[in-house]
Amino acid sequence: MSFHLSAWSIKKPVPTIVLFLILGIFGLVSFFRLGIDSNPNIDIPAVMVTVTQPGAGPTELETQVTKKIEDSVAGLGNIDELTSTVREGSSTTTVSFVLGTDSDRATNDVRNAVAQIRQDLPQDVNEPIVKRLEFAGGSIMTYAVASETRSVEQLSDLVDRTISRALLNVPGVAQIDRLGGVDREIRVDLDPSRLQAYGITATQVNDQIRNLNIDLPGGRGNVGGSEQNIRTLGSAETVEELRSYRIVLPNGATVPLSSLGEVEDSFAEQRQAASLNGESVVAFSVLRSTGSTLVTVEEGVREAVSELEKTLPDDVTLALIFTRADAIRDSYQATIDALILACILTVIAVGLFLRDWRVTLITATALPLSIIPTFGVMKLLGYTLNGMTLLALALAVGNLVDDAICMIENIDQHLDMGKKPFKAALDASREIGLAVVATTATIVAVFIPVAFMGGVPGQFFQPFGVTVAVSTMFSTLVACTMTPMLSAYLLKPKGNREPGTGNGERGTRKKRIHPYRNLLTWALRHRITTLLIAVAFFIGSLQLVPLIPKGLFDSGDTGLSTVMVELPPGSTLSETEAIMQQLNQSLQENPAVEKVFTTADKINSGTVYANLLPKDEREVSQQEFEQQMRQVFQTIPGARISFQSQGAGGGGKDLSIVLKSENALALTQTAETLEKQMRDIPGLVEVTSSTSLVKPEIVIQPDPERAADLGVSVGAIARTASLALIGDNESNLAKFDLADRQIPIRVQLDPETRTDISTLKNLQVPSQTGNLVPISAVADIRLGSGPAQIDRFDRNRQVSVEANLEGISLGDALETVKALPAMNPLPPDVAEEPAGDAKIMQDIFTRFATALGAAILSIYAILVLLYSNFLYPFGILVALPLSIGGALLGLLVTQKELGLFALIGIVLLMGLVTKNAILLVDFALAGIKEGKPQFKAVVEAGVSRLRPILMTSVSTIAGMMPIALELGADGEVRSPMAIAVIGGFTTSTLLTLVVVPVLFTYVDNLYRWIRGLFGGKKKQVQL
């Protein structure tokens, strides 16, 4: 088929040129419309159920809310993971479904399941919020809002009402989170002594305000011959009117609300804070929706902000603190540069071999004609220009000219025979067409199983595998059409050269390959020795595996370090801010830091973003900077301070060991022992456990007898304490109507009186008879402690023991931790759950092994179909293990991790090495069919294919060099892949040229023996 295509293109050049013009234009247009991102879009269907109950402790919430939510959704189909986090006043359950589950249907299923058990939940919890997780990853960019004349309250209002609304209209923006600032509220701060004097409780005041301050529909009326809607308007129009509301006392008298405490238009208690370089600011971060492209969204936000600035007051400025798009753009540019440089080096390598500018030019056209149409297919499939697709193209560069090299080199050999270019192109394409198709089929057979390996790794690698396969298929189309067509019309006959030039060149080539002919001849005469050397090399290479560091991948240098800060539970916001200021000062003293943004997103925890100077303006890498700062952080007392991992798992630390059990005591003891032992492992830093966090509590213990005597229920005690100290639930708060929104009215005790425990003891609780009694009369009040946070996994208690890595690979660290006494064995009722980067690494390695097995089977099947023979493919497949040794040796010498990118390189090797073996076997078989003796056919096949094999090897290695040398942004992340390819291809090329011919002779002899056994040529048995 390939010959007919080649012959058609040679005889009909115009349609071929038009075809590639159309493909080129389509590809270029698509390229400029492709989005730029860091990773492929991965849609992991997940639904989050959030239930809030202000003031409720984690232990009560777990029993009364979380377990019931988990049990209700556990029966739904296709659930992959069920995780819950219970904190003070909040229970969050995330239901992750298997890939491919319809997100909308999953959300509805979860919502229905939760609705069915709503009556089983405590009545005073806020309505459960069920929503699909829309945003992808964390914030993509953060802005600070600054003004010299406006207060924090005014800036907070500006962010909430103006900026957020404008930016949410940008396509791809899922959420705007305000950092720092305060929320506007109408505050009713009641005086406990006045409440006691009037004989009324805070709960009764709150209920009256909620019942009075409300606008309600009143139906329809028909007055004066026309229909009217009836509205009951009870909402106060001004705060002054709210102050004058008459509150009915238990004795029937009324007093204005202002007599019971202060009523003012103010702000909620501050629970978060933000600062930029030590100065307090209000900021906001942008989160993008799932399926959107990060750089496209970021550029849209930048444009919207520039338009917004024209409408904002003159004294308000928006300053970009950081954006993750810069690192992606740098990485994209570095990959494009590496791609272009690889193309140039590949063409130079080909030119040095062929020494003919016409031949080199024809070969070089294969690169753009293969790459550019691939962009069109990427656009049709919805891919982006991300790390995986660009990596696929960079990887494929050396591979894309292989087919063209094989074709042009064969045409060149036919020209050496004295043929005209037209005739040489026809004959050469007929001769090598099958080999070219076979080599492409093997590359596709290697990468398609990788593309569809399933799971999250499969979603990452699908664009990668498909891009390599598509570009390779285009390169074959080029080699079978454009290359022979251009050769037929552009090359000159060798007879036109000066006398003796052609023969002299052939003589030079013979002289050049003379050492190889001698080596091959020796190997064929000492076949057992040759095979023993090859087997010894393979076995020896496997012994290198334990010596190579194993991990997922190097996180690279993004220029943005994220520091997680956690203070002991019970710490105040001011204490958290003080620690943040110390961190800010320490970080700013480091010359590598450009600016520091801190945000206390919870009362006792926060995040610090250290924006580093550009790579070329600082003397240390991001990794070295973090090592320096770890020493400084140890001098700051009173907080856990650690860098956030930038690995694939994201969010936590480099290494995460997750233990789960229903036995809370055994789980806690095991985790504490493991944490202690992990601290002694060299290379593990910032070791922490989620089990050691306890929070101080005030425990109200009702006395059943006294409460029963006085007619006071436990619910009344809890509601009185909760409402007086923190106010009612958000959904139950009365609302103050403004023209464009509603502001909550929070009724609670004056904050100044809440610092004294005697205030709590003297709170009045209504009894069933209507009398008021102090809480201390029906309950004992004492100080205690309880868990600050409870984590659950698949309906079991879970504890995470985490650590960052310093000078040790993830695989080695995991192996060391697994060997600790605390893990050997774990208590019977405690189990380990794979988590974080370690889980991803395990998943990827397992799926890669399966995909590689499928790839090898696919290669074998394709070779059987092409050669109609079951034995000859084994002579080709022997080249595969010969590539492993060089790849492992390359990683060992450079001390690069045997991780994700190294595995990608080894996968590519499988395809490339097979291509060389196919060329040798194909020509040996052709020689045997012509009637040549086996020995002669094999030697001539090796000698005639030496130059194209060396050319393809050198061009591939040249194409890998820019990546191996870590040029540009994120070069260190991708380099293990190129090193594995260069190392493996170097050794496998040398071994393939010798070992494959030797093994082929054994396979051919076996085939002849079996054929003779079954009756020779009479029975056309193809084994």
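Structure first, text after, so check above.
Since we're looking at a predicted model, the values are computed, not measured. (Residues numbered from 1 in each chain as written. Predicted model: local features only at pLDDT ≥ 70, side-chain atom pairs only at ≥ 80, totals over all residues. Heavy atoms only, no water.)

J.: Account for the overall build of the chain, with residues named and values stated.
T.: Looking only at helices and strands, one finds 32 helices and 31 strands in the chain. Along the three orthogonal principal directions, the C-alpha set of the chain runs to about 125 × 70 × 60 Å. Per-residue burial over the chain gives 53% buried out of 1023 residues. Here the contacts in the chain between residues at least 6 apart in sequence split such that 79% fall between residues at least 24 apart. Put simply, the chain shows about 44,200 Å² of open surface, and 56% of that area lies on carbon and sulfur atoms. (Helix = DSSP H or I, 4+ residues; strand = E, 2+ residues; numbered from the N terminus. Buried < 20%, exposed > 50% of the residue type's maximum accessible area, 1.4 Å probe, protein only. Contact = heavy atoms within 4.5 Å. Areas by Shrake-Rupley, 256 points an atom, 1.4 Å probe, with all protein chains shown as cover.)

J.: Now, about the pattern of salt bridges: what can you tell me, with residues and values included?
T.: Taken as a whole and assessed by the stated rule, the structure comprises 35 salt bridges. A salt bridge links Arg792 to Glu62, with the nearest nitrogen and oxygen atoms 2.9 Å apart. Of this pair, Arg792 sits in strand β29 (residues 789–793) while Glu62 is found in helix α3 (residues 58–74), placing the two residues 730 residues apart along the sequence. In this structure Glu62 comes out as buried when scored by relative accessible area, which is 3%. (Salt bridge = Lys/Arg side-chain N within 4 Å of Asp/Glu carboxyl O.)

J.: Outline the packing of aromatic side chains, listing residues and values.
T.: If you walk through the whole model with that rule in mind, you get 11 aromatic pairs. Where Phe322 meets Tyr609, the ring centres are 4.7 Å apart and the plane angle is 35 degrees; that geometry is what we call tilted. With Phe322 in strand β16 (residues 316–323) and Tyr609 in strand β19 (residues 605–612), the pair connects residues that are 287 residues apart, well separated along the chain. With 6.2 Å between their ring centres and 20 degrees between their planes, Phe597 and Tyr609 make a pair best called stacked. (Phe/Tyr/Trp six-rings, centres within 6.5 Å; stacked < 30°, edge-to-face > 60°.)

J.: Before we move on, can you summarise the nonpolar core with the specific residues and values?
T.: Among the nonpolar cores identified, the biggest contains 174 residues, and Phe284, Val301, Phe464, Phe848 and Ile904 are the most heavily contacted of them. The element contributing the most residues to this core is helix α30 (residues 900–929), with 21 residues. For Val301, the contacting residues outside a window of four places in its chain are Met141, Tyr143, Leu167, Val170, Val173 and Val286. Ranked by size, the runner-up nonpolar core spans 39 residues in total, among them Leu260, Ala724, Val765 and Ala779. (Core = buried A, V, L, I, M, F, W, Y, C linked by side-chain atoms within 4.5 Å.)

J.: So what's going on with helix α9 (residues 294–311)? Residues and values would help.
T.: Taking 1.5 Å of rise per residue, 18 residues should cover 26 Å, and α9 covers 26 Å from first to last C-alpha, within 8% of that figure. Of the positions making up α9, those classed as buried are Leu294, Val295, Val297, Glu298, Val301, Val305 and Leu308. The arc enclosing the buried residues of α9, seen along the axis, measures out at 155 degrees, which places them on a common side. Among the exposed residues of α9, those pointing more than 90 degrees away from its buried face are Glu303 and Lys310. Where α9 is buried, its residues touch β5 (141–147), α5 (152–167), β6 (173–179), β15 (282–288), β16 and α10 (325–354). (Expected span 1.5 Å × (residues − 1). Arc of directions from axis to C-beta.)

J.: Hey, could you go over a nonpolar patch on the surface for me, with residue numbers and the actual values?
T.: On the surface, Ile340, Leu341, Ile344, Ile348, Leu352, Leu965 and Leu967 cluster together to form a nonpolar patch covering roughly 640 Å² of accessible area. Tracing the sequence through the fold places Leu965 in the loop between α31 (934–964) and α32 (971–1013). Judged by its relative accessible area of 54%, Leu965 falls in the exposed class. (Patch = residues over 30% accessible without salt bridge, like charges linked within 9 Å, V, L, I, M, F, W, Y side chains within 5 Å.)

J.: Could you give an account of the sheet that holds strand β20 (residues 640–643), with specific residues and numbers?
T.: Strand pairing within a sheet occurs via backbone hydrogen bonds; the two strands may be parallel or antiparallel. Sheet architecture is open: six strands sit in the order β14-β13-β18-β19-β17-β20, paired in antiparallel fashion. In the strand order of this sheet, the two ends are held by β14 (279–280) and β20, each with one partner. Bridging between strand β18 (residues 593–602) and β19 involves seven bridges; their strand directions are antiparallel. Each bridged residue has a counterpart across the sheet, and for Val596 the counterpart in β19 is Ala610. Across the sheet, helix α20 (residues 573–588) touches β13 (273–276), β17 (560–566), β18, β19 and β20, and the angle it forms with β18 is around 165 degrees. Helix α21 (residues 622–633) rests against β17, β18, β19 and β20 of the sheet, and its axis sits at about 170 degrees to β20. (Pairing = 2+ DSSP bridges. Axes fitted to C-alpha atoms, helices over the stretch in contact; angles between N-to-C directions.)

J.: How would you summarise the pairing of strand β2 (residues 79–87) if you had to cite specific residues and measurements?
T.: For a regular strand, side chains alternate in direction, first toward one face of the sheet and then toward the other. Pairing of β2 with strand β3 (residues 90–97) involves eight bridges; the strand directions are antiparallel. Its bridge partner being in β3, Thr83 is matched across the sheet by Thr94. Between β2 and β3, which pair antiparallel and follow one another directly, the connecting turn spans two residues, one of which, Gly89, has a positive phi of 80 degrees. The pairing of β2 with β29 spans five bridges and is antiparallel. Across the sheet, the residue bridging to Thr83 is Phe793, located in β29.

J.: Give a description of the environment of Asp160 that names residues and reports values.
T.: Relative to the helices and strands, Asp160 is located in helix α5. Sequence separation of Asp160 and Arg178 is 18 residues, and the distance between their C-alpha atoms is 7.5 Å. Beyond its immediate chain neighbours, meaning those up to four positions away, Asp160 contacts Arg165, Arg178 and Asp183.

J.: Outline the sheet that holds β5, supporting the account with residue identities and numerical values.
T.: Across the sheet, which stays open at both edges, the four strands sit in the order β6-β15-β5-β16 with antiparallel pairing between neighbours. The open sheet has two free edges, formed respectively by β6 and β16, since each of these has just one partner strand. Sheet twist, expressed as the average angle between the axes of neighbouring strands with direction ignored, equals 25 degrees. Summarising the sheet, β6 and β15 pair through six bridges and their orientation is antiparallel. Of the residues in β15, the one forming a bridge with Val173 is Arg288.

J.: Break down the side chain of Thr94 for me, with residues and values.
T.: With respect to the helices and strands, Thr94 occurs in strand β3. Not counting residues within four places of it along the chain, the set of residues in contact with Thr94 comprises Ala46, Val47, Met48, Glu81, Leu82, Thr83 and Leu133.

J.: Tell me about unusual backbone geometry, and please be specific about residues and values.
T.: The linkage connecting Asn824 with the following residue, Pro825, adopts the cis geometry, with an omega of -10 degrees. For Pro825, the location among the structural elements is in the loop between α26 (810–818) and β31 (831–833). Of note in this structure, Asn277 is not a glycine but carries a positive phi near 55 degrees. Tracing the chain through its elements places Asn277 in the loop between β13 and β14. The partly exposed category is assigned to Asn277, whose relative accessible area is 30%. One non-glycine residue, Asp794, adopts positive backbone phi at about 50 degrees. For Asp794, the location among the structural elements is in the loop between β29 and β30 (796–805).

J.: Requested: an account of the packing of α10 against α31, with residues and values cited.
T.: Their axes nearest at 8 Å, the elements α10 and α31 cross at an angle of 155 degrees. The angle between α10 and α31 falls in the class roughly antiparallel. Taken as a pair, α10 and α31 cross one another with a handedness that is right-handed. From α10, Ala338, Leu341, Ala342, Leu345, Thr346, Ala349, Val350, Phe353 and Leu354 reach across to α31, where they touch Arg947, Leu950, Met951, Val954, Ser955, Ala958, Gly959, Met961, Pro962 and Ile963. (Parallel < 35°, antiparallel > 145°, perpendicular 65-115°, else oblique. Left-handed = near helix turned anticlockwise from the far one by under 90°.)

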